[in-house]
Each structure stands twice: as C-alpha cells, then as structure tokens.
Amino acid sequence: MVLVQQTQWGIVEAAVLRILAAGYTSFEALALADAHTLATLCKPCAFYTRKAVALIRIAQHIVTLPDGFVSLVTGERSALRAGLLTLPQIGRESADTLLLYGGDHPLFIVDAYARRVLARTGIYADQIDCMRASYDAIQQVIEADIGPVDVATARELHAMMVESSIHHCTANNPRCTKTGAVRRFVDPRKCDAHCPPCSGCPAASLCLYHQNTIVLG
Ligand code: SF4
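Bear in mind that the values here come from a model prediction, so they are computed numbers and not experimental data.

A.B. asks: Account for the pattern of salt bridges, naming residues and giving values.
C.D. replies: According to the stated counting rule, one finds eight salt bridges in the structure shown. In this structure, the salt-bridge partner of aspartate 104 is arginine 155, at a minimum N-O distance of 2.5 Å. Separated by 51 residues along the polypeptide, aspartate 104 in the loop between α7 (92-103) and α8 (112-121) and arginine 155 in helix α10 (residues 151-167) bring together distant segments of the chain. For arginine 189, the salt bridge goes to aspartate 187, with nearest N and O atoms at 2.6 Å.

A.B. asks: So, the nonpolar core: which residues are in play, and what are the values?
C.D. replies: Grouped together as the largest cluster of nonpolar side chains are 49 residues, with contacts concentrated most on Leu3, Leu38, Leu72 and Leu84. Among the elements that take part in this core, helix α4 (residues 48-62) stands out by supplying six residues, more than any other. Residues from two domains meet in this core; each of domain 1 (9-103) and domain 2 (112-216) gives at least three. With residues near it in sequence (within four places) discarded, leucine 84 still touches Leu72, Ile90, Ala95, Leu98 and Leu99.

A.B. asks: Quick one: what's the story with α4, residue by residue and with numbers?
C.D. replies: Count 3.6 residues to each turn of an α-helix, and residues three or four apart come out pointing the same way. Compared with the 21 Å implied by 1.5 Å per residue over 15 residues, the 21 Å span of α4 between its first and last C-alpha is a close match. Those residues of α4 that sit buried are Lys51, Ala52, Ala54, Leu55, Ile56, Ile58, Ala59 and Ile62.

A.B. asks: So, the side chain of glutamine 139: which residues are in play, and what are the values?
C.D. replies: With respect to the secondary-structure elements, glutamine 139 resides in helix α9 (residues 135-146). A relative accessible area of 6% means that glutamine 139 is categorised as buried.

A.B. asks: How would you summarise the domain arrangement of the protein if you had to cite specific residues and measurements?
C.D. replies: Entries for the protein in the domain assignment read domain 1 (9-103) and domain 2 (112-216). Between the C-alpha centres of domain 1 and domain 2 the distance comes to 27 Å. Listed by partner, the interface residues are twelve residues for domain 1 and 15 residues for domain 2. Across the domain 1 to domain 2 interface the summed buried area is about 1,100 Å²; carbon plus sulfur atoms make up 45%. On the domain 1 side of the interface with domain 2, the three residues burying the most area are Glu13, Leu100 and Tyr101, jointly 43% of the side's total. In this assembly, domain 1 and domain 2 are joined by four salt bridges. The closest approach of N and O atoms between aspartate 136 and arginine 92, which form a salt bridge, is 3.2 Å. Counting every contact that joins domain 1 to domain 2 gives twelve residue pairs in polar contact (both at pLDDT 80 or more).

A.B. asks: Quick one: what's the story with the site of the ligand, residue by residue and with numbers?
C.D. replies: In the neighbourhood of the ligand, the contacting residues comprise Arg120, Thr121, His168, Cys169, Pro174, Cys176, Cys201, Ala204, Cys207, Tyr209 and His210. At the level of elements, α8 and α12 (208-216) are the ones that each hand at least two residues to the shell around the ligand. Here the residues of the shell around the ligand are counted per class, giving seven nonpolar, three polar and one charged.

A.B. asks: Lay out a nonpolar patch on the surface in plain terms, naming residues and giving numbers.
C.D. replies: On the surface, Val16, Leu17, Leu20 and Val186 cluster together to form a nonpolar patch covering roughly 300 Å² of accessible area. For valine 16, a relative accessible area of 31% corresponds to the partly exposed category.

A.B. asks: Now, about the packing of helix α3 (residues 35-42) against α4: what can you tell me, with residues and values included?
C.D. replies: Between α3 and α4, whose axes approach to 8 Å, the crossing angle comes to 120°. Relative to α4, the element α3 is oriented oblique. As for the relative orientation of α3 and α4, their crossing is right-handed in sense. Taking contact as the criterion, the partners of Ala35, Leu38, Ala39 and Cys42 in α3 are, on α4, Tyr48, Thr49, Ala52, Val53, Leu55 and Ile56. When grouped by side-chain class, the residues that make up the contact of α3 with α4 number nine nonpolar, one polar and no charged.

A.B. asks: An account of the state of the cysteines is needed here, citing residue identities and associated values.
C.D. replies: On inspection of all chains with the given rule, the structure shows zero disulfides. Of all cysteine sulfurs, the one in cysteine 191 lies closest to cysteine 195, which takes part in no disulfide; the gap is 7.4 Å.

How each quantity is defined
- Residues numbered from 1 in each chain as written.
- Predicted model: local features only at pLDDT ≥ 70, side-chain atom pairs only at ≥ 80, totals over all residues.
- Heavy atoms only, no water.
- Salt bridge = Lys/Arg side-chain N within 4 Å of Asp/Glu carboxyl O.
- Helix = DSSP H or I, 4+ residues; strand = E, 2+ residues; numbered from the N terminus.
- Core = buried A, V, L, I, M, F, W, Y, C linked by side-chain atoms within 4.5 Å.
- Buried < 20%, exposed > 50% of the residue type's maximum accessible area, 1.4 Å probe, protein only.
- Domains from an automatic or database assignment.
- Contact = heavy atoms within 4.5 Å.
- Expected span 1.5 Å × (residues − 1).
- Buried area = accessible area lost by both parts, 1.4 Å probe.
- Polar contact = N/O pair within 3.5 Å; in protein donor to acceptor, adjacent residues only side chain to side chain.
- Near = heavy atom within 4 Å.
- Nonpolar A, V, L, I, M, F, W, Y, C, P; charged D, E, K, R; others polar.
- Patch = residues over 30% accessible without salt bridge, like charges linked within 9 Å, V, L, I, M, F, W, Y side chains within 5 Å.
- Areas by Shrake-Rupley, 256 points an atom, 1.4 Å probe, with all protein chains shown as cover.
- Axes fitted to C-alpha atoms, helices over the stretch in contact; angles between N-to-C directions.
- Parallel < 35°, antiparallel > 145°, perpendicular 65-115°, else oblique.
- Left-handed = near helix turned anticlockwise from the far one by under 90°.
- Disulfide = S-S within 2.5 Å.

And the structure:
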C-alpha cells in the first residue's frame, strides 16, 4: 500500500518479493529493520528512501498496539481512519484500503481509477464532479447511493474499478471497444488467471464518454 504510491504495480510486486526474501515477514522484523537496507530493497519504487522509513515507523507503531495489526483496523471507522492518517505515508486512500482489506470495513475507495471510470461514465455527473471533488465528498455520494453493502461486495466493487481502468479505461486512449490491455506480473502464476479475452469495456453501453466519442466520430 505504501510502496505502490506513484509507482507501477510490477515494480512494487518485485520489491515486496525482495523484502520478504530478505526475511522481513512480520511487523516485528520490519520494526527492527535498518532504513538503508530496507530502502535498497524498495528501490526503484518512487521515494523509496522515504517509504522505507515510513514502513519501519508504521511497523514500530503496530508492534506497540495491544493486538498488533488487529488493533489498527478494528473499531469505529472514522476514529480508526483519523488514527491511520497520523501515520507516515498514509493518506485517505491508503487508510481506507487498510480498513477495507485489513479490517473488513465495507467502504468505497476513491482512488484515481474510480475517479476516472466514474467521471467518464457520467453516472454521478448530476451530483458531483468525480475528477475534482474532494475524496470525502465523492465517497459520501457513492456510499449514500449504493447503501449498506457487505465487505465482499465492497471489495469486489473496488476490484472492478481497478480492473476496468487497467484493462480498458486507461488514462489515454481508453479501449472502449477493444480487447483489454494485457497485464503482466512478476509472479507468472498470476498471469495465467488474468486478462481474459473480451470484446471491449463492459460499461460501454452506458458510458457518456464513449457515446460522445461515437457522436463526434
Ligand atoms: S466505455 Fe471507455 S471511457 Fe467508458 S468506462 Fe469504458 S473504457 Fe472508460
């Protein structure tokens, strides 16, 4: 979560594998890590020196909690989030990612992928500007609209936003009616189950951006 900020996932995946191979497989081990050694393992992730220090500080905080990581993500959502935001390299998106996947809180993550898909499809265009509005404002609109959901549904929704953006709703030249862009992973096992063939973005029939592109030719 920290390493992926401003960094492609493939680079992060390789860094995580290096960190694990070096024996940093617990918060206790990370808390005792040497910052320079960890930074070397994190390289070439963006801001790897700063991120290595942040990872160590986060781990040092977690090992002081009564139930470790469980204490970090268990309890009332807004209070937990406020606490997470005091940690280095943790912003709203990172805090919510921890709460959704680590703490089973069914929330909507307003990452760049979600902003792009929502803005282009125009689903909420009459209520909010999904590219420019604040993180919290967009989250409130969407959570009010979809209503209470279970954590599996919330995770699936986030995953669908990410998948849609990676394969179809790319920053430039979205692949509305083309087969999705292929994703390669450092771990080849992931590639086998990824990128199924398709004929285009599943949102094309309801997407304002796509409809306008057709009209404008
Ligand atoms: S139809 Fe095109 S612009 Fe619309 S969400 Fe899909 S990829 Fe993005």
